[in-house]
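Commentary on secondary and tertiary structure
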Amino acid sequence: MLSYRHGFHAGNHADVLKHIVLTLILDYLKQKNKPYWFIDTHAGAGKYSLESDFSNKTSEHLDGIGKIFHDEKKPLALSKYIEIIRHLNGGDQLKQYPGSPWIASQLLSYEDKIRLFELHPTDLTSLLHVLGKKSNTKIYGEDGFNGLKAMIPPPPKRALVLTDPSYEIKNDYLKVVESLKDSLKRFETGIYMVWCPLIDRSEPLVMLKQLQKLNTKEWLYISLSIAKPSDDIGMFGSYLFIINPPWKLKEQIEEIMPYLSHQLGLNGHGSYEIEAKTS
Ligand code: SAM
């Protein structure tokens, strides 16, 4: 039985990093006038109230999007991400936060396709409510690792696959690597983005080493820490591992990360890393 609920964490520092990069990649794909697919193997509820009991219990968004949304010194590269959140909120009051499926629904056109997997029955119901009526979107209450196999390569041979488990099941670290190995055999030119928490355990870094050894020509690794591992705050940061990253993504990230780590770091302890393999 799954107990993780993303509503407790929506809009936190890890969501901010993940959703900024997601927006940049989807925006890049949109620039070529050819259809593409967005596949989210662990989709969540679609959007989240920041005023709900969930969110109030932890208020994680206050140390995430709360520190950026109204800041006037944001880099220009964040404009689209902020515009999407403003659109969801119908203005400048931050009451709701978008999940990855909602962000994609704002950036993809009707010719593009969105495919979403979510296993938790409550989040699945919410997701169906939020995006279930969109003609370019299909939502599956199935295991995303399994579902992905039948879905790639998609007909237009252009896609971003987001793999964003909660890692509440330790096996997820292994499953992510196995899923990518299998996916690269089926669809080696796809763009793959994996999210992982930075916590004081060995699994995230072991998984990173395995991801770096995959048979890929290009990858980009981005991490954001808001505290020191020893600060005892649980998840002190997160990383993204992107296979076949779009051209220029690294440059955009290099522009954004000094700002993000400064703005989101607790007690001046924000830091980031960017590493890339290029062909
Ligand atoms: N991608 C979302 C976003 O950025 O807004 C957040 C997703 S949340 C981190 C992970 C979600 O995966 C949870 O809602 C959880 O219920 C769901 N989940 C866990 N295991 C799954 C699986 N094997 N297949 C599909 N969904 C799963």
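Residues numbered from 1 in each chain as written. Predicted model: local features only at pLDDT ≥ 70, side-chain atom pairs only at ≥ 80, totals over all residues. Heavy atoms only, no water.

Observations regarding the packing of aromatic side chains
By the definition in use, this model includes 6 aromatic pairs. With a centroid separation of 5.0 Å and 20° between ring planes, the pair formed by Phe-117 and Tyr-140 is classed as stacked. You can see Phe-117 sitting in strand S4 (residues 113–117) and its partner Tyr-140 sitting in strand S5 (residues 137–140), a full 23 residues away along the chain. Residue Phe-117 is classed as buried on the basis of its relative accessible area of 1%. Measuring from ring centre to ring centre gives 6.2 Å for Tyr-167 and Trp-195, while their planes differ by 45°; the resulting arrangement is tilted. Within this pair, whereas Tyr-167 is found in the loop between strand S6 (159–163) and helix H7 (171–186), its partner Trp-195 is found in strand S7 (residues 191–198), the two being separated by 28 residues in sequence. For the pair formed by Tyr-167 and Trp-195, the shared burial category is buried. Three or more aromatic residues joined by ring pairs make a cluster, and in this case those are Tyr-167, Tyr-173 and Trp-195. Here Lys-18 stacks its cationic end above the ring of Trp-195, 5.5 Å away from the centre of that ring. (Phe/Tyr/Trp six-rings, centres within 6.5 Å; stacked < 30°, edge-to-face > 60°. Helix = DSSP H or I, 4+ residues; strand = E, 2+ residues; numbered from the N terminus. Buried < 20%, exposed > 50% of the residue type's maximum accessible area, 1.4 Å probe, protein only. Lys NZ or Arg CZ within 6 Å of the ring centre and 35° of its normal.)

A closer look at the site of the ligand
The environment of the ligand is made up of 21 residues, and the closest members are His-19, Ser-100, Glu-118, Asp-143 and Asp-164. A distance of 2.8 Å separates an oxygen atom of the ligand from a polar backbone atom of Ser-100. At 2.6 Å from an oxygen atom of the ligand is found a side-chain nitrogen or oxygen belonging to Glu-118. Computed on the free molecule, the ligand has an accessible area of 600 Å², of which 98% lies beneath the protein chains in the complex. Residues of the shell around the ligand, tallied by class, amount to 5 nonpolar, 9 polar and 7 charged. (Near = heavy atom within 4 Å. Polar contact = N/O pair within 3.5 Å; in protein donor to acceptor, adjacent residues only side chain to side chain. Areas by Shrake-Rupley, 256 points an atom, 1.4 Å probe, with all protein chains shown as cover. Nonpolar A, V, L, I, M, F, W, Y, C, P; charged D, E, K, R; others polar.)

Some details on the nonpolar core
Across soluble globular proteins, nonpolar side chains show a tendency to be buried alongside one another. Counting 88 residues, the largest nonpolar core has Val-21, Phe-38, Met-207, Ile-242 and Leu-260 as the members making the most contacts within it. Here the element with the most residues in this core is helix H1 (residues 13–31); it accounts for 10 residues. Beyond its immediate stretch of four places on either side in the chain, Ile-242 contacts Val-21, Ile-25, Ile-191, Tyr-192, Met-193, Glu-218, Trp-219, Leu-220, Ile-222 and Leu-249. (Core = buried A, V, L, I, M, F, W, Y, C linked by side-chain atoms within 4.5 Å. Contact = heavy atoms within 4.5 Å.)

Quick word on H7
Taking 1.5 Å per residue, 16 residues should reach 22 Å; H7 reaches 22 Å between its end C-alpha atoms and fits that length. Looking only at H7, the buried set comprises Asp-172, Tyr-173, Val-176, Val-177, Ser-179, Leu-180, Ser-183 and Leu-184. All buried residues of H7 fall inside an arc of 160° around its axis, so they share one side. (Expected span 1.5 Å × (residues − 1). Arc of directions from axis to C-beta.)

It is worth stressing that arrangement in space is one thing and function is another; only the former is reported here.
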